[in-house]
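Read off the chains here:
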Amino acid sequence: MKVNMKLILLIVTALLLSVALIACSNDSDSDSDSDSAAGSEANGSETNDDSTNDNANTDVEEKVLKVAFNQPESHPQYKAMEALGEKFAERTNGAYKIEMYPNELLGAQRETIELVQSDTIAMSIVAGSLMENFNPDFTVFNLPYVYDSKDHQMKVLNDEDITGDLFKSTEGQGMLVMGAFHGGIRNVYNNKQPINTPEDLAGLKIRIMESDTNIQMMQLMGGVGTPMGQGEVYTAIQSGVLEGGENNELIYADLNHVEVAGYYSYTQHLMIPDYLIISAELFNGMSEEHQQIFKEELVAAIDLEVKLWDEGVEAAKIRAEEAGGVFNDVDISIFQEAVAPLIKEKVVGETAEELYRKVREAAAN
């Protein structure tokens, strides 16, 4: 049989071409799989990075708010601020931590006001009389017999319609007044006798807070007002430099003034509030949500402080009586009449007159 060589060559050529095409196809598929795997690995890495970033964004950086306080940890205002701190941290998911510094660890009240103004510390609790230096209209809330009772005082001071503009008036000086705590009802105590009339105070040197208003007040009440630091009062009475002081029952018992001045008379002449001031820069830097939470928790803290204060007064009276103190009720109308000229002198200007009118109207409602 004659073999057709031309036909055999064509068949072999076709087979070789088929093998070549199959090999190229396999190489192409292999390259595609490798590219796909590399792409998947790259996308997976990006996904993990995004996930890590999301988790990092959920972490909240805690901001520590230092609060200056001039009384011990047992004080109702300290306990109320601790409660505020716990709730504020909880409701802001740990964005803020309030740290209290009692016993003047950050300085005396006047010094801590400056620290708040400069945003060096966050807050301080200060006596109402000190705020007169920044706006004289604060004087209205520090006058003798301006309030009829503790409830009247708290109703007035935390009514934004009455105090709102005044509390914001110091913003340009670097601070805001956020609210007012009850600071007790101040009464006269001495080492001579119960006090029932201005005549009973005649010639008695009574320690008062440093203020021209308080000096005038004590003079009208019959005594001799003597400004002095609180830490010096015990020794001053003991040595005869003073005959007594004027303050609330907590101070009288806790500072052992009962030991050197056994007669405590309920003249009820002053109810000076304690204000919580805050750095304006700090507060204005908070979100609106956090500002609102802070305000709400401060209202709750003020209510708690009043409750704790009432309990503290009862306990203080028991301690003082056990130490020999004698408590004396007084017809305060005699002293109210005696200090009336001072009120007329201090309530000056349209704003002050309007504030005083609102305070007195609130007593009747």
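Up top is the structure these notes are about.
Structural notes, computed from the coordinates. (Residues numbered from 1 in each chain as written. Predicted model: local features only at pLDDT ≥ 70, side-chain atom pairs only at ≥ 80, totals over all residues. Heavy atoms only, no water.)

Thoughts on helix α12 (residues 350-364)
Consideration 1: With 15 residues, α12 should reach 21 Å at 1.5 Å per residue; the first-to-last C-alpha distance of 22 Å fits that figure.
Consideration 2: Looking at α12, one finds that the buried residues are A352, L355, V359 and A362. Taken around the axis of α12, the buried residues stretch over an arc of 90°, which confines them to a single face. Among the exposed residues of α12, those oriented more than 90 degrees off its buried face are E350 and A364.
Consideration 3: The elements touched by buried residues of α12 are α4 (150-157) and α5 (160-168). (Helix = DSSP H or I, 4+ residues; strand = E, 2+ residues; numbered from the N terminus. Expected span 1.5 Å × (residues − 1). Buried < 20%, exposed > 50% of the residue type's maximum accessible area, 1.4 Å probe, protein only. Arc of directions from axis to C-beta. Contact = heavy atoms within 4.5 Å.)

Observations regarding the environment of V306
Consideration 1: Looking at the element boundaries, V306 is found in helix α10 (residues 288-322).
Consideration 2: Assessed through its relative accessible area of 15%, V306 is described here as buried.
Consideration 3: Put simply, V306 and A80 are 226 residues apart on the chain and 9.1 Å apart in space, counted from C-alpha to C-alpha.
Consideration 4: Among residues more than four places away in sequence, those in contact with V306 are K150, M154 and H182.

Digging into empty space enclosed by the protein
Consideration 1: Applying the stated criterion to the full structure yields one cavity of 30 Å³ or more.
Consideration 2: If you add up the space inside the largest cavity, you get close to 40 Å³.
Consideration 3: Residue lining of the largest cavity: A68, F69, N70, E104, L105, L106, G107, Q109, T112, S124 and I125, and that is the complete set.
Consideration 4: Sorting the residues of the lining of the largest cavity by element identifies α3 (109-117) and β3 (123-127) as the ones contributing at least two each.
Consideration 5: Its residues assigned to classes, the lining of the largest cavity shows five nonpolar, five polar and one charged. (1 Å grid on protein atoms, 1.4 Å probe; cavity = no way out; pocket = protein on both sides within 12 Å on 5 of 7 lines; lining within 4 Å. Points joined across faces, edges and corners; volume = space filled by probe spheres on them. Nonpolar A, V, L, I, M, F, W, Y, C, P; charged D, E, K, R; others polar.)

Some words on the pairing of strand β7 (residues 224-227)
Consideration 1: Strand direction decides the pairing type here: strand β6 (residues 205-208) and β7, joined by four bridges, are parallel. Following the sheet pairing, I208 is matched in β7 by P227.
Consideration 2: You can see the chain leave β6, run along helix α6 (residues 212-221) and come back into β7, and the turn it takes is right-handed. (Pairing = 2+ DSSP bridges. Right-handed = clockwise from strand over helix to strand, strands pointing away.)

Re the sheet that holds strand β4 (residues 175-181)
Consideration 1: If you trace the five strands from one edge of the open sheet to the other, you get β2-β1-β3-β10-β4, paired in mixed fashion. Edge positions in the sheet fall to β2 (96-101) and β4, since each of these pairs with one other strand and no more. On average, each strand axis in the sheet is inclined to that of its neighbour by 25°, with strand direction left out of account.
Consideration 2: The sheet strands contacting α10 are β2, β3, β4 and β10 (274-279), and the helix crosses β4 at an angle near 30°. (Axes fitted to C-alpha atoms, helices over the stretch in contact; angles between N-to-C directions.)

Description of the layout of surface pockets
Consideration 1: What the largest pocket holds in volume is close to 1300 Å³.
Consideration 2: Residue lining of the largest pocket: 46 residues in total, with N70, Q71, Q109, R207 and Q230 positioned closest to the centre.
Consideration 3: Secondary-structure elements contributing two or more residues to the lining of the largest pocket are α2 (76-91), α3, β6, α8 (249-254) and α10.
Consideration 4: When residues of the lining of the largest pocket are assigned to their parent elements, the largest contribution, six residues, is made by α10.
Consideration 5: What lines the second largest pocket is a set of 21 residues, and nearest its centre among them are E160, F167, V177, M178 and K295.
Consideration 6: Listed by contribution, the elements that provide at least two residues to the lining of the second largest pocket are α4, α5, β4, α9 (280-285) and α10.
Consideration 7: Per-class residue counts for the lining of the second largest pocket are 10 nonpolar, five polar and six charged.

What about unusual backbone geometry?
Consideration 1: Located in the positive-phi region is N103, a residue other than glycine, with phi close to 55°.
Consideration 2: Locating N103 in the fold gives a position in the loop between β2 and α3.
Consideration 3: Unusually for a residue other than glycine, Q268 sits at a positive phi of about 55°.
Consideration 4: Positionally, Q268 belongs in strand β9 (residues 263-270).
Consideration 5: Taking the relative accessible area as the measure of exposure, Q268 reaches 29% and is therefore partly exposed.

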